[in-house]
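Given next are the chains, with one letter for each unit.
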Amino acid sequence: MRHLSEIGDATAVRRVLAAGALLLAFVLTACSKPAAPPPAGAQATASQSSRAAPTEQFLIGVLPLATAADTPAYLGDGIARHLSDALARTPALATIAPASAFRLRDSAELTPQIGQRLGATHLLRGKLTQRGDRLLLDLDFVRAGDGQSLWHETLDRSAAELPGLAELIAARIAAVLKMQRTAGGASPDLPPGGSALAFDALLKGEWAMQRGDPAAQQAALGFFANAIAIDPRWGRPHAMQALVRLRQLALRDAAAGPVEALRERARLDTEAALRLDPSDPLAHRVRALWLGDVALDAVSAEQEIRSGLALQPDDPALLGMLAVRQTGFGQMEAAAATLRQALRRDPLSASMLYQMGYVELALVDYSQAEAALRRARDLEPRLPLVHAFLAVALFQQNRTQEAIDAARSEPLPLWRDYALAMAYWAAGDRPDSEAALQSLIRDHGRDAPTQIAGIYAQRDDREALFHWLDVARRSGDPGIVEIRYMPFLARYADDPRFKAILRELDIAGSGASPDK
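The residue numbering used here restarts from 1 in each chain and proceeds along that chain's sequence as written. It should be noted that, the model being predicted, local features are given only for residues of pLDDT at least 70 and side-chain atom pairs only at 80 or more, the latter also being counted only at that level, while totals for whole chains, interfaces and linings use all residues. To get the side-chain values, all heavy atoms of the structure are used, and hydrogens and water are removed first.

A. Spotlight on the nonpolar core. The biggest cluster of nonpolar side chains holds 153 residues, and the ones touching the most others in it are Leu118, Leu124, Leu137, Ile169, Ile173 and Phe389. Two residues qualify as a contact provided that any one of their heavy atoms is within 4.5 Å of a heavy atom in the partner residue. Excluding residues within four positions of it along the chain, Leu124 makes contact with Gly61, Val62, Leu63, Leu83, Leu139, Asp140, Phe141, Trp151, Ile169 and Ile173. We define the nonpolar core as a collection of buried residues of types Ala, Val, Leu, Ile, Met, Phe, Trp, Tyr and Cys that are connected through side-chain atoms lying within 4.5 Å of one another. Summary of the burial criterion: residues with accessible area below 20% of their type's maximum are buried, those above 50% are exposed, and those between are partly exposed, where the area comes from a 1.4 Å probe applied to protein chains only.

In structure tokens form, the structure reads like this:
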């Protein structure tokens, strides 16, 4: 899995913590193959008390379909992913995000353990075999608590029926659970013309996206373009193209072409997706990503996110993006509540657990911050910034040696020096703290002035911290919007110079109402 540490532009890396740039983590997560989680005993289960109470009667985890030796793996993953979407459109049913469910692809754990880790009431698993133009699906729908099978069937369908398979299976499961599926318009993830070739191209593109490398992203764009050529009325492949292009922008992929041209193509894709299917939540999601990360219009981005949530209120990706915006506007309690709701649907999301840890730090709940950051670290040990902010959570609990050890494990040099300077200072080691700070100033004085100010804030060096905040203000450092809730900086909020910065940036009272 690729991370933001692989972005070549140092300023883009430094921006990860800025409200707009945090959205890039969701772009990368959406386009990356999830790694397997650690054993169940190594992390807290998904059913911790911090999660929101369920609003649905059933919560289903759709595991990726195993595939026979001569059957393309992209078909098994693709059918499972779209089946999860189809089930989520059924009243009183909800599904675990494929990003979390697919982490347990090869798990040897028993059904109750898998169900507990996902927080699911039911699981769907099965195997796909392709024989010529026939698709054989052997499916088993089980109750997660005790593993009892509630429905087992082998479906034999022609390849031409591929676009409708997910809807067919979702209807069977709804019938087993005695749920009525609402008849509505066409599904956004199905081609309007019903073309199996267009749908197959979409599945291939989605599969390529998961590989994460630049060549795979280019291949994904080709598959989505093929789907569009087959059915020009279909909005979904335009939305997927936009996701790929936004990823290429985040990774500063030189092979993708000039930045301005890439931004424009992403804009055109988002507009086409919304024009062709305004009822597709994904279209609103990619438009929000473009508005927030390219146009830098945070207010319009939040409005677009809320438009998507009006269509799919429990979509974890949209909820995660909303929490980013709430964080950027300083609405920390609202952000925490939104993240708890998102984690119910995507309990093994390292990026959202990291964000939850950061929000808990701002809320001065260091034990909860530590718990969330440890879970994120266990899921993705090389995820940038997790170790740095885990160090902050630890030294704030007077566990300074653990904090130093965590800071040393941070993969990004910028954030490693930041965390070490603060952890050593908390431990009373002034020489090593100063060495880490001077390393940060030497290597990142131009792109991390807000972080440098934070270190001086910890030291109660008021003049030095405002000097570096002035550097951040004059240089347009995007991280300066964090000063209301960054560790140590927020305690200077009553200083007239602090208030002047907020007024100049027009962030003292920015943001929509936290009410959803």
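The rest of the description comes next.
B. Geometry of helix H8 (residues 214–230). Secondary structure counts use DSSP, requiring at least four H or I residues in a row for a helix and at least two E residues in a row for a strand, with both numbered from the N terminus. Take the residue count of a helix, subtract one, and multiply by 1.5 Å to get its expected span. Compared with an ideal rise of 1.5 Å per residue, which puts 17 residues at 24 Å, H8 spans 25 Å between its outermost C-alpha atoms and is within 8% of the ideal. Turning to H8, its buried residues are Ala216, Gln217, Ala220, Leu221, Phe224, Ala227 and Ile228. Down the axis of H8, the buried side of the element spans an arc of 145°, and every buried residue falls inside it. The exposed set on the far side of H8, more than 90 degrees from its buried face, consists of Ala215 and Ala229. Directions from the helix axis toward the C-beta atoms define the arc.

C. Local environment of the confidence of the model for the chain. The pLDDT value expresses, per residue, how confident the predictor is, ranging between 0 and 100. Chain-level pLDDT for the chain is 86 on average; 86% of the residues reach the 70-or-more range. Model confidence for the chain, summarised as mean pLDDT per element, is weakest for helix H1 (residues 10–14) at 36 and strongest for helix H18 (residues 400–408) at 98. Note on residues 42–55: pLDDT under 50 across the span, and 30 contacts to partners over four residues away in sequence or across chains. For residues 508–516, every residue scores under 50 in pLDDT, and the model assigns this stretch 19 contacts once sequence neighbours within four places are set aside.

D. Fine view of empty space enclosed by the protein. A cavity here means a set of 1 Å grid points, computed over protein atoms only, where a 1.4 Å probe fits but cannot escape. A pocket is an open set with protein on both sides within 12 Å along at least 5 of 7 lines, and lining residues have an atom within 4 Å of a point. Grid points are joined across faces, edges and corners, and a volume is the space filled by probe spheres set on the points. The tally for this structure, following the rule as stated, stands at 2 cavities of 30 Å³ or more. Of the pockets and cavities examined, the second largest cavity occupies roughly 30 Å³. As for the second largest cavity, its lining consists of Gly212, Asp213, Pro214, Gln217, Arg247, Gln248, Leu251 and Asp253. Elements represented by at least two residues in the lining of the second largest cavity include exactly H8 and helix H9 (236–250). Under this grouping Gly is polar, as are all residues other than the nonpolar Ala, Val, Leu, Ile, Met, Phe, Trp, Tyr, Cys and Pro and the charged Asp, Glu, Lys and Arg. Within the lining of the second largest cavity, the residues separate by chemical class into 2 nonpolar, 3 polar and 3 charged.

E. Expanded view of the pairing of strand S1 (residues 58–62). Among the 5 residues of S1, 5 are classified as buried, and the element is accordingly described as predominantly covered. Burial of the side chains of S1 extends over both faces: Phe58, Ile60 and Val62 are buried on one face and Leu59 and Gly61 on the other. Here, any two strands with at least 2 DSSP bridges between them count as paired. When S1 meets strand S3 (residues 93–95), the two strands line up parallel, connected through 3 bridges. Directly across from Ile60, in S3, lies its bridge partner Thr95. The pairing of S1 with strand S4 (residues 122–131) spans 3 bridges and is parallel. What sits directly across from Val62, in S4, is Leu124.

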